[in-house]
Every structure is written in C-alpha cells, then in structure tokens.
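Here is how the chains run, residue by residue.
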Amino acid sequence: MSGSRPSGPAADAQALRVEFLDFLVGERRAAALTVSTYGADLAEFLGFVTRHIGAEPTGADLAALSLADFRAWLAKAASDGVGNATRAKKLSAVRSFFRWLRQRHGMINEAPGLLRTPKSRRPLPRALTAPDAAAVVDSLGDDAASPALAARDTALMALLYGAGLRIHEALGLDIGDLPPEGAPLSVRGKGGRQRIVPLLPVLRREIASWLRHHPAPTPDAPLFLGARGARLNPGVVQRRLRDFRRLNGLPEHATPHALRHSFATHLLANGADLRAIQELLGHASLSTTQRYTAVDADRLMAVWQAAHPRAKT
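Residues numbered from 1 in each chain as written. Predicted model: local features only at pLDDT ≥ 70, side-chain atom pairs only at ≥ 80, totals over all residues. Heavy atoms only, no water.

Asks: When you look at the overall build of the protein in this model, what are you seeing that I'm missing?
Replies: Helix and strand content of the protein: 15 helices and two strands. Per-residue burial over the protein gives 43% buried out of 313 residues. A separation threshold of at least 6 residues defines the contact pool for the protein, and within that pool the share at least 24 residues apart is 62%. Of the roughly 16700 Å² that the protein leaves accessible, carbon and sulfur atoms contribute 55%. (Helix = DSSP H or I, 4+ residues; strand = E, 2+ residues; numbered from the N terminus. Buried < 20%, exposed > 50% of the residue type's maximum accessible area, 1.4 Å probe, protein only. Contact = heavy atoms within 4.5 Å. Areas by Shrake-Rupley, 256 points an atom, 1.4 Å probe, with all protein chains shown as cover.)

Asks: Even after reading the chapter, I still don't get the packing of helix H4 (residues 67-79) against helix H5 (residues 84-105), so can you show me in this structure?
Replies: The axes of two packed helices give the description: the angle between them and the distance between them. Remark: H4 packs on H5, axes separated minimally by 11 Å, with the N-to-C direction vectors making an angle of 150°. Considering the angle they form, H4 stands roughly antiparallel to H5. The interaxial crossing formed by H4 with H5 has right-handed handedness. Residue-level contacts link Phe70, Trp73, Leu74, Ala77 and Ala78 of H4 to Arg87, Lys90, Leu91, Val94 and Phe98 of H5. In the contact of H4 with H5, the residues fall into eight nonpolar, no polar and two charged. (Axes fitted to C-alpha atoms, helices over the stretch in contact; angles between N-to-C directions. Parallel < 35°, antiparallel > 145°, perpendicular 65-115°, else oblique. Left-handed = near helix turned anticlockwise from the far one by under 90°. Nonpolar A, V, L, I, M, F, W, Y, C, P; charged D, E, K, R; others polar.)

Asks: What is the right way to look at the nonpolar core in this model?
Replies: Soluble globular proteins: nonpolar side chains tend toward being buried together. Formed by 37 residues in total, the largest nonpolar core has its most connected members in Val136, Leu156, Met157, Leu159, Leu160, Leu165 and Phe224. Of all elements in the fold, only helix H7 (130-139), helix H8 (147-163), helix H9 (167-171), strand E1 (185-188), helix H10 (201-211), helix H11 (234-247) and helix H12 (256-269) reach the threshold of two or more residues within this core. For this core, the element with the most residues is H8, which contributes eight residues. Beyond its immediate chain neighbours, meaning those up to four positions away, Phe224 contacts Arg152, Ala155, Leu156, Leu159, Ala170, Leu171, Trp210, Ala230, Arg231 and Leu232. Leu16, Phe48, Trp73 and Ala111 belong to the second largest nonpolar core, which has 29 residues in total. (Core = buried A, V, L, I, M, F, W, Y, C linked by side-chain atoms within 4.5 Å.)

Asks: Teacher, can you tell me more about the layout of surface pockets here?
Replies: Take a probe with the size of a water molecule and roll it over the atoms, and the empty space left behind shows itself. Taken as a whole, the largest pocket encloses approximately 320 Å³ of empty space. Every residue lining the largest pocket is counted, 15 residues in all, and those nearest its centre are Tyr161, Gly162, Ala163, Leu200 and Phe263. Among the elements of the structure, H8, H10 and H12 are those that each provide at least two residues to the lining of the largest pocket. Here the lining of the largest pocket takes four residues from H8, the largest share from any one element. Across the lining of the largest pocket, the residue classes break down as 12 nonpolar, two polar and one charged. (1 Å grid on protein atoms, 1.4 Å probe; cavity = no way out; pocket = protein on both sides within 12 Å on 5 of 7 lines; lining within 4 Å. Points joined across faces, edges and corners; volume = space filled by probe spheres on them.)

Asks: How do you make sense of H8 when you look at a structure like this?
Replies: Each turn of an α-helix holds 3.6 residues, which means side chains three or four residues apart point in the same direction. With 17 residues, H8 extends 24 Å between its outermost C-alpha atoms, agreeing within 8% with the 24 Å of an ideal straight helix rising 1.5 Å per residue. One or two residues past the end of H8 sits Gly164, with phi positive at roughly 70°. (Expected span 1.5 Å × (residues − 1).)

Asks: Sorry, what's going on with H10 here?
Replies: Three or more residues of H10 are buried, namely Leu203, Arg204, Ile207 and Trp210. Buried residues of H10 fall within an arc of 125° about the axis and therefore sit on the same side. Those residues of H10 that are exposed and angled more than 90 degrees off the buried face are Pro201 and Arg205. Buried residues in H10 make contact with H8. (Arc of directions from axis to C-beta.)

Asks: How should I be thinking about the packing of aromatic side chains in this particular structure?
Replies: Each aromatic ring pair is summarised here by two numbers: the centre-to-centre distance and the angle between the ring planes. In this structure the tally under the stated criterion is 11 aromatic pairs. With a centroid separation of 5.0 Å and 75° between ring planes, the pair formed by Phe45 and Trp73 is classed as edge-to-face. Separated by 28 residues along the polypeptide, Phe45 in helix H2 (residues 32-53) and Trp73 in helix H4 bring together distant segments of the chain. In this pair, the class of Phe45 matches that of Trp73, namely buried. Here Phe45 and Phe98 contribute two aromatic rings whose centre-to-centre distance is 6.2 Å and whose plane-to-plane angle is 80°, an arrangement assigned as edge-to-face. Remark: Phe98 occurs in helix H5 and Phe45 occurs in helix H2; sequence separation between them is 53 residues. Judged by relative accessible area, Phe45 falls into the buried class, the value being 1%. The class for Phe98 is buried, based on a relative accessible area of 6%. In this structure an aromatic cluster arises from ring pairing among Phe20, Phe23, Tyr38, Phe45, Phe70, Trp73, Phe97, Phe98 and Trp100. (Phe/Tyr/Trp six-rings, centres within 6.5 Å; stacked < 30°, edge-to-face > 60°.)

Asks: Teacher, can you tell me more about the environment of Leu280 here?
Replies: Considering the arrangement of structural elements, one finds Leu280 in helix H13 (residues 274-281). Leu280 gets classed as buried once you look at its relative accessible area, which sits at 19%. In the structure, Leu280 is positioned 93 residues away from Val187 in sequence and 9.8 Å away in space, judged by C-alpha atoms. The residues contacting Leu280, other than those within four sequence positions of it, are Arg195, Ile196, Val197, Pro198, Phe263 and Leu267.

Asks: I would appreciate a short explanation of the packing of H2 against H5 in the present structure.
Replies: Running from amino to carboxyl end, H2 crosses H5 at an angle of 90°, the nearest separation of the two axes being 9 Å. Relative to H5, the element H2 is oriented roughly perpendicular. In contact with Thr37, Tyr38, Asp41, Leu42, Glu44 and Phe45 of H2, H5 contributes Lys89, Lys90, Ser92, Ala93, Val94, Ser96, Phe97 and Phe98. Counted by class, the contact of H2 with H5 contains seven nonpolar, three polar and four charged residues.

Have a look at this one:
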C-alpha cells in the first residue's frame, strides 16, 4: 500500500481490506484459495455496508457499525437465498477482518463476536428405494470371487438393511455376539450405548448360510472376515458397493450407510412408530430420528406431484 494513503480509522474500508489480505499472504502464509475467498466475502460485505450507510465506508465507519447493522447484512444474504453454511463462512471472514482491525489499528467493534453463527442444517438422510435396497442385498454377492464371499456379502448387506446397523457395528460383531434363536441382537453403538435389535428369520438364514463357509466359527472369531482371515475392513465393503452400484445403475448415494437410512425410512413409510425407530437405530435424541419424517414427506410430495390431477395447475 502506498505510504501517502491514510491508514487506520481515516483509511477507506477497501484499502483496509487490501491491507488485511496482504497480512494474510505475508504474515499468516494463508493458502491462495483462503485469501481469494476472504477477499470475495469481504468485498461483498463492504458493498453491503456502502449501500447500507449511503457512502463508501472508512475505518471509523466500520468501527461504528452496530449489531443491528451486521444482522441486516446476514438477513439480506438469507433473503438472497444464501444458505446457513455459506453465511457462517462469510461471518467467519468478517470476524477475522475485525479482529485484525482491532489488533493492527486499534479499531474496536464487539458486534461481530456477538452475532449468533448460522447453524448448518444437517443434510436429510438419503435412502434407497425399496427395489434398489433389495437389489443390493440380493445381488451384491453375484460377482464375488467365491461362494463363501458371496454368502458373506449377502449376510452383511441383509444385516445393514434388515436391522439398521451401522457398518462399524456390523463389522465389530463376533460370532459369540449372535443371540440364540428367538432372542434379539444386542448392539453397542455410538457413545457405548447398548440397544436391542430383532433379528428377522431372513437375517438368521443369511447369517447361517455365511457361517457354513466361515473358516473358524468360534465364539471369539469376528463374524465377518476379509479375504486374509482378519476382521473385514469397512473400506473393502465400501469399494464393493461402489463398484456394484456403478455396474448396476444405482445412485451414487447407494452406500452401506444408505442401507441404514433405508431401514428407517421404509419402516416409517409403512407405519412404524417414530419412538420405536429411534430405539432400533440407537439415536440418543428423537430429533435425530425425526429427520426421517422429512424424507418421508418428500416422498409423499413427489407421489402427489406425479399423480394428482391438480399438481401442475
């Protein structure tokens, strides 16, 4: 920056922005993408301030901005369709800028730190259709290298979809964890929480079919083994399913975890109680399970739009 230009409160805000970006490059050694993103976010913010106060702002104007001014900026971004995650990112850039203004130029404005960061909405669970989920369970083992691996893959997919287990929960099971006939399966989930999951007869049949191929079916042996005899690695399962979905035209979200989502979504669609689904999934909070109601509502809306005579009017 030229030494003839004013600095500090007398400087125009755009000059301070450039000085801040130079600081990021020269002193913070920030990545080029970070500097570019901060520069764009701050340019957008300063453009709003210019329109908001009716003049090009100076450093003193920035120091005088009120909490209401910052809220107006975030509200304008929201009305323009900017999502929560992006608004949170922009706010982070502005906060960094104002921290630097305080440290480098003594311009104090507490308002950015008092703003509540917009919360990112958790993405809705992406379930498979019932036919796609059935295709994964019934056909993933078709191209396996051996009948044993085919039986293993079928049993594992059946357990993910038929009992709603997470992949690490299923792969963490030992043979001794399997309950006697008629008893439910006890699963240790996130945070060490125990839950009880019924094992449908079809699941027991698929697991029994795999156990007939298991090389060492002792109680302390892993239920699902890899090709070299160790506990099956999640990455192997994910790769198998990735290759299968691409060969069979399934959506890219056809993953092991999508089978768990499908378990919950299909139960809900068929009238299962939300509290019961919460217990089956092992969710600590009902609000987590309630995300599936939004998924089901989306499905119902799609059916309505496709079938109702007034949907297009």
